[in-house]
Amino acid sequence: MKYRSRTDIISQILNTANGGGGATKTKILYKACLSHNQLKEYLTVLTRSDLLIYDGQTHTFKTTEKGLQFLKTYNQIVYLIDAHEFGYGSDA
């Protein structure tokens, strides 16, 4: 498996929780390919940072507006890096 940065993992978690109705811990664990301990750590950090919110009634995590803004910015950066690496930018 390719090395993933913390930012890559965070984007996977936020994308998973952005699906209709949010995502359970189990769904996030499998989609992001994390251990249980890693998942607990990331969920704690992301909820404290207001990027995720936990819905106690449905037992799901949902991406907040702040989390959606993070994803938008992250995707723009990835696009720019890919464009530069593959010669799509104006510098090529």
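Residues numbered from 1 in each chain as written. Predicted model: local features only at pLDDT ≥ 70, side-chain atom pairs only at ≥ 80, totals over all residues. Heavy atoms only, no water.

Here we take up the packing of aromatic side chains. For the coordinates displayed, the defined rule picks out two aromatic pairs. On the basis of an interplanar angle of 55° and a centroid distance of 4.8 Å, the ring pair of Tyr54 and Phe61 is categorised as tilted. When its relative accessible area of 41% is taken as the criterion, Tyr54 is described as partly exposed. For Phe61, a relative accessible area of 6% translates into the label buried. (Phe/Tyr/Trp six-rings, centres within 6.5 Å; stacked < 30°, edge-to-face > 60°. Buried < 20%, exposed > 50% of the residue type's maximum accessible area, 1.4 Å probe, protein only.)

In this structure, strand S1 (residues 52–55) lies alongside strand S2 (residues 60–63), joined through four bridges in antiparallel fashion. Note that in S2 the partner of Leu52 across the bridge is Thr63. Joining the antiparallel neighbours S1 and S2 is a turn of four residues, in which His59 adopts a positive phi near 55°. (Pairing = 2+ DSSP bridges. Helix = DSSP H or I, 4+ residues; strand = E, 2+ residues; numbered from the N terminus.)

The next subject is the nonpolar core. If you look at the biggest cluster of nonpolar residues, it comprises 18 residues, and the most contacted ones within it are Ile13, Leu14, Ile28, Leu34, Leu43, Leu46 and Leu52. Mapped by element, the contributors of at least two residues to this core are helix H1 (6–17), helix H2 (25–31) and helix H3 (36–48). Residue contributions to this core peak at five residues, all from H1. With near-sequence residues (within four places) excluded, Ile28 lies in contact with Ile13, Thr16, Ala23, Cys33, Leu39, Leu43 and Phe61. (Core = buried A, V, L, I, M, F, W, Y, C linked by side-chain atoms within 4.5 Å. Contact = heavy atoms within 4.5 Å.)

Our focus in this paragraph is the side chain of Thr16. Tracing the sequence through the fold places Thr16 in helix H1. The residues contacting Thr16, other than those within four sequence positions of it, are Ala23, Lys27, Ile28 and Lys31.

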